[in-house]
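# Structural features, examined
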2 protein chains.
Amino acid sequence: MGGASRQGKYDAGMERNAANFVPLSPLPFLARAASVFPDRPAILHAGGTTSYRAFRDRAVRLASALDGNGIGRGDTVAALLPNGPAMLEAHFGVPMARAVLNAINTRLDAATIGFILDHGEARAILVDREFIPLLRAALGHCAARPLIIEVDDPPCPETARGETLGGIAYEALLAGGDPGWAWLRPEDEWDAIALNYTSGTTGRPKGVVYHHRGAHLLALGNVTAGDIARHPVYLWTLPMFHCNGWCFPWTITALAGTHVCLRHVRGPEMWRLIAAHGVTHLCGAPIVMATLLDVPVAERPRLENTPTFLTAAAPPPEAVLAAMAEAGFRVCHVYGLTEVYGPAVVNEWNEAWDALPAEDRARKMARQGVRYQALEGLTVADPETLLPMPADGETIGEVLMRGNVVMKGYLKDEAATEAAFAGGWFHTGDLGVMHPDSYIQLKDRAKDIIISGGENISSIEVEDALYRHASVAVAAVVAMPDERWGESPCAFVELKPGAGATEDELIAFVRGAIAHYKAPRRVVFTTVPRTSTGKVQKHVLRRLARGDDAPPGDER
Amino acid sequence: MGGASRQGKYDAGMERNAANFVPLSPLPFLARAASVFPDRPAILHAGGTTSYRAFRDRAVRLASALDGNGIGRGDTVAALLPNGPAMLEAHFGVPMARAVLNAINTRLDAATIGFILDHGEARAILVDREFIPLLRAALGHCAARPLIIEVDDPPCPETARGETLGGIAYEALLAGGDPGWAWLRPEDEWDAIALNYTSGTTGRPKGVVYHHRGAHLLALGNVTAGDIARHPVYLWTLPMFHCNGWCFPWTITALAGTHVCLRHVRGPEMWRLIAAHGVTHLCGAPIVMATLLDVPVAERPRLENTPTFLTAAAPPPEAVLAAMAEAGFRVCHVYGLTEVYGPAVVNEWNEAWDALPAEDRARKMARQGVRYQALEGLTVADPETLLPMPADGETIGEVLMRGNVVMKGYLKDEAATEAAFAGGWFHTGDLGVMHPDSYIQLKDRAKDIIISGGENISSIEVEDALYRHASVAVAAVVAMPDERWGESPCAFVELKPGAGATEDELIAFVRGAIAHYKAPRRVVFTTVPRTSTGKVQKHVLRRLARGDDAPPGDER
């Protein structure tokens, strides 16, 4: 068994020292890439190329300029930026000054941004000219008065540029910085590196804090999860304001790969860049796959390689998987939350499944999967007792996570942090099952479950069934009050252009596909409302299903 | 700048807890592989296959049996084993009981092994039947009385089996173990996981202690350094008693790859296994490449893929590189020491070099290279002042390293530990230069430098020049006393079979290749003496060069 004293001879005279202990951080990834591959293309943007030498020099200039402005350890530097070079530079330059990067979702409303600037105590903000009107409005909602650094991105159309707020021009700031400055490692690997606000469908957004240790480990965890070889070519379809782009600014740099920037996610431009630069990897929600697939086959360039598309947020439907394969992509399904640095669970593909019929393959692919190497614990359990549910693929419990890629906590919210970590596990709030082979599958958000006649109905399962109908483009299912059953499923459906289907037809179709009691009792044909980040606004649908038409604004 | 207080809001209420902090360790790699890929082949040996499920079960059985025998945290479990399944199982099973694995070089003499068993305080030892006579002799040299666990490996020839020492049979021990036992994570990632004695050309061997954190980080560092995709097939040509096989027992398991065991490194068997199992990676000193290349082309099977050979210990000569390429291998040159878990420096290949003439490519490949992602600092400096030498490719300094893959220290030797870490850097004792592109190149061991007329002569440079002569098979150069110059180079040369060359001819050849003063003043044609691990015994040669023929035993 061995007590603590037994480690004795293996501890005596072997304390940590400067030679054998260095705080883990993703920052040395850039220093190494710039030293070993100074001339390799680090960033492609708007027809220009930034080498790794220049990438490092610009990041260090940014760090030294922030330091020169009195910004340092524990200070927040916000960013309202598209997926361009400045955002990548900020992922290194801000923490190289020991400051904390707060990349803000540019699709949020001004009031929410104002709340974030106040709550995060932003000392400075990097803002693209396009988002200056948004920032101006946000500043009207808050007390924060950050140093404003204005980024003038050449491809930003003249008509989209807001009038200057009188801040420092980003290029002028860099020009005043020192590329030879001795950038700062974190004092402790537990120091904060980034602050990311949850999009939260209800209540105030919470500030999720990442530390250097976790960012290092998840960035390298992406390498094995995505099976990424060195020098990848990565297309920036996933916004870097979502979980720091799932840590890919650090992952791609660790492998001395090429970041291909993309100001706006548009199908033809994606295809052009993928073909022109031999893109090997890209990430995004299913809507990004749909955008790719919307481009007619005749208008797609020929691809020389098979890019890997890492997707999260919703299981990729069978039809989309088939279309992606036909379009020349490999799809990898991952799952995570802001609180775990982006993806921490991966649908590890077993080659034995290649031989399955398409429908069964899609079912395997729909499962969220198993833990990243960097996530030490993943279970489906009773959230109160923490006892694991049977691994039968049927018993629903809460998905719990534990490990070094779980957030440091919520900023200035000890109660929420404690609740999230109750019992030594991070409570995701997602409901799912554990299959006998240890793969987890989400069944619902805790609040999205439909309880009908004492039976739990997963709205995802009903939605999946609807998606199998040839006419359905979008399906969203919520609970509606039901006198007899308590609740019953109500479906909101968008049909494909030119397609037709009746309510009765769809209900009968679902009854033919899954258990009868799970079929919707009502189908509403409508445009399904989404948040700025593309999430279906289920709270809006629930209100509609209840017959309550009050405006949804106050529930945000 | 930001003082320590400034991290304030990013620390308050965000301490480490069980949900967001787990000690880093390579042990969960096996648990994950067995859970996600239970049926994949983990170990191929003697015609049989061990699945990942069985690999985990056997490792956990071993851990529980050790625990049942009172062996736990801080206890040493030694191993005298070939590269077979028991050795792989020990790499997980021993630390799963919180004990420390001490894999001993089976080529050592009995007295040295006795010293190691005493110094390491071995509580148990796993011994292959072939090494029982060696162990019996070693026990005659020491006071240690470890629990003896005898491994009966089927392919061990009957004639090679020593008579039992009356220990427990390994399979009986496992049979009494519990595959469902809750194996133990380390209490702290700084806890020891392994003990490896340096082969040391002089003095007593030193016990290098590895911790779980470093083993985790180097194991995954191998993935990016070797650019290894998932499910590699790895041939065990590198002994696991060298730096735990450079941490590859953990690397390959992390990627759910296949370990192909090899009891003895023999050319035809290597070729057979490489072709039969589609080996993707193997490691070893240049002598292993020579063994591969010794097999006549007509007797080699056809390879379907291009295996990567990671080599260390000496720069691969141009002719060997060409022959390996022709034989269908990619060569990757790495460099390290026991104190840094095996390799920590890699000759990162720049595709631009592919276009160079063969000779220049070989020169690039001969350089040791740049730091692993997992090694945070690598420099060539003055060992006293720690000031870096100019990166001019010429000024010789000591190679210094710093980072999380530097050992915890030397067991029970605080003085040596302190000296090794003087000034916050690990002093390798190797002399080298830093090239302008930040690649390091070794020039000599500190003690192997030849100082002639006040000029430093690198014995490696002289050896390299000799190797370029078509008749030279092996060359080793040491200092010999010289009345006029203080010291001068003396070369010991083995000629290729059937080749001829005279002393004058070789001296003239070297004078034509490098600076005149560096040419050997004497060439001795002889068999070059090597240690059990294949290192040239320069101390023996130095004695010969001095005309001192005393036996070398006392200098070990």
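Before reading on, note that the structure itself is shown above.
Described below are features of the structure shown in this document.

Parameters and conventions
Residues numbered from 1 in each chain as written. Chains lettered and ligands numbered in written order. Predicted model: local features only at pLDDT ≥ 70, side-chain atom pairs only at ≥ 80, totals over all residues. Helix = DSSP H or I, 4+ residues; strand = E, 2+ residues; numbered from the N terminus. Rg over C-alpha atoms; globule rule 2.2 N^0.38 Å. Buried ≥ 20, exposed ≤ 12 C-beta atoms within 10 Å, placed from the backbone. Contact = placed C-beta atoms within 7 Å. Least-squares fit on C-alpha atoms with pLDDT ≥ 70 in both. Nonpolar A, V, L, I, M, F, W, Y, C, P; charged D, E, K, R; others polar. Pairing = 2+ DSSP bridges. Axes fitted to C-alpha atoms, helices over the stretch in contact; angles between N-to-C directions.

## Observations concerning the overall build of chain A
In terms of regular secondary structure, chain A is built from 17 helices and 26 strands. On C-alpha atoms alone, chain A measures out to a radius of gyration of 24 Å, which is about the 24 Å that the 2.2 N^0.38 rule sets for 556 residues. Expressed as lengths along the three principal axes of its C-alpha atoms, the size of chain A is roughly 70 × 70 × 50 Å. For chain A, buried positions account for 53% of its 556 residues. When contacts within chain A are restricted to residue pairs at least 6 apart in sequence, those whose partners lie at least 24 apart make up 69%.

## Some details on the relation of the copies chain B and chain A
For the pair chain B and chain A, the best superposition has an RMSD of 0.2 Å and corresponds to a rotation of 180° with a translation of 0.0 Å parallel to the axis. Such a turn and shift between the copies fits a two-fold axis. Of every C-alpha in chain B, the one belonging to A229 of chain B sits nearest the axis of rotation, 3.5 Å from it. Interface residue correspondence from chain B to chain A reaches 98%, placing this contact among same-surface, isologous pairings.

## Structural notes on the interface of chain B and chain A
Contacts between chain B and chain A engage 63 residues on the former and 63 residues on the latter. Put simply, the parts of the chain that give the side of chain B that touches chain A at least two residues each are helix 1 (27-36), helix 7 (212-226), strand 16 (370-371) and helix 14 (414-420) of chain B. Of all the elements, helix 1 of chain B adds the most residues to the side of chain B that touches chain A, at four residues. Within the side of chain B that touches chain A, the residues separate by chemical class into 25 nonpolar, 19 polar and 19 charged.

## A closer look at the environment of H216 of chain A
Residue and element names in this part refer to chain A. Its location among the elements puts H216 in helix 7 (residues 212-226). For H216, a count of 27 C-beta atoms within 10 Å translates into the label buried. It is 5.0 Å that separates the C-alpha atoms of H216 and S25, two residues lying 191 residues apart in sequence. Other than its neighbours up to four places away in sequence, H216 contacts L24, S25 and P26.

## Some details on the pairing of strand 12 (residues 281-284) of chain B
All names here are of chain B. Burial of strand 12 is two-sided: the residues H281 and C283 facing one way and the residues L282 and G284 facing the other way are all buried. Relative to strand 12, strand 10 (residues 233-235) runs parallel, the two sharing two bridges. Paired with L235 across the strands is L282, a residue of strand 12. The sheet contact formed by strand 12 and strand 13 (residues 308-311) spans four bridges and is parallel. For G284, the partnering residue across the bridge sits in strand 13 and is T311.

## A closer look at the sheet that holds strand 16 of chain B
Residues and elements named next belong to chain B. Strand order in the open sheet formed by nine strands is 2-1-11-10-12-13-14-15-16, and the pairing between neighbours is mixed. Two strands lie at the open edges of the sheet, namely strand 2 (48-51) and strand 16, each paired on one side alone. Strand direction decides the pairing type here: strand 1 (residues 41-45) and strand 11 (residues 258-260), joined by two bridges, are parallel. In the sheet register, L44 faces strand 11, and the bridge partner there is V260. Packing against the sheet, helix 2 (residues 52-68) makes contact with strand 1 and strand 2, and its axis sits at approximately 75° to strand 2.

## Some words on the sheet that holds strand 10 (residues 233-235) of chain A
Residue and element names in this part refer to chain A. Taken together, the nine strands give an open sheet; going across it, the order is 2-1-11-10-12-13-14-15-16, and neighbouring strands pair in mixed fashion. The two strands at the open ends of the sheet, each matched to only one other strand, are strand 2 (48-51) and strand 16 (370-371). Bridge count for strand 10 against strand 11 (residues 258-260) is three bridges, and the pairing is parallel. Paired with V233 across the strands is T258, a residue of strand 11.

## Here we look at the environment of E348 of chain A
The topology assignment puts E348 of chain A in the loop between strand 15 (342-346) and helix 13 (358-366). We classify E348 of chain A as buried; it has 20 C-beta atoms within 10 Å. Each C-alpha atom of the pair E348 of chain A and P315 of chain A lies 14 Å from the other, and the pair is 33 residues apart in sequence. With sequence-adjacent residues up to four places away left out, E348 of chain A is seen in contact with G369 and V370 of chain A together with V36 of chain B.

## Points about helix 1 (residues 27-36) of chain A
Among the ten residues that make up helix 1 of chain A, seven are buried, leaving the element largely enclosed by the rest of the structure. Among all positions in helix 1 of chain A, only L27, P28, F29, L30, R32, A33 and A34 of chain A are buried. Tucked into the core, helix 1 of chain A has its buried residues touching helix 2 (52-68), helix 3 (85-96) and helix 9 (248-254) of chain A together with strand 16 of chain B.

## Notes on unusual backbone geometry
Although it is not a glycine, W246 of chain A sits at a positive phi angle of roughly 55°. With respect to the element layout, W246 of chain A can be found in helix 8 (residues 243-246). The phi dihedral of S438 of chain B is positive, around 80°, even though this residue is not glycine.

## As for the pairing of strand 1 of chain B
All names here are of chain B. Strand 1 sits mainly inside the fold: four of its five residues count as buried. Of the strand pairs in this sheet, strand 1 and strand 2 are connected by four bridges, and their pairing is antiparallel. Bridge pairing links L44 to T49 in strand 2. Once strand 1 ends, the chain turns through two residues before running back antiparallel as strand 2, passing A46 with a positive phi of about 50°.

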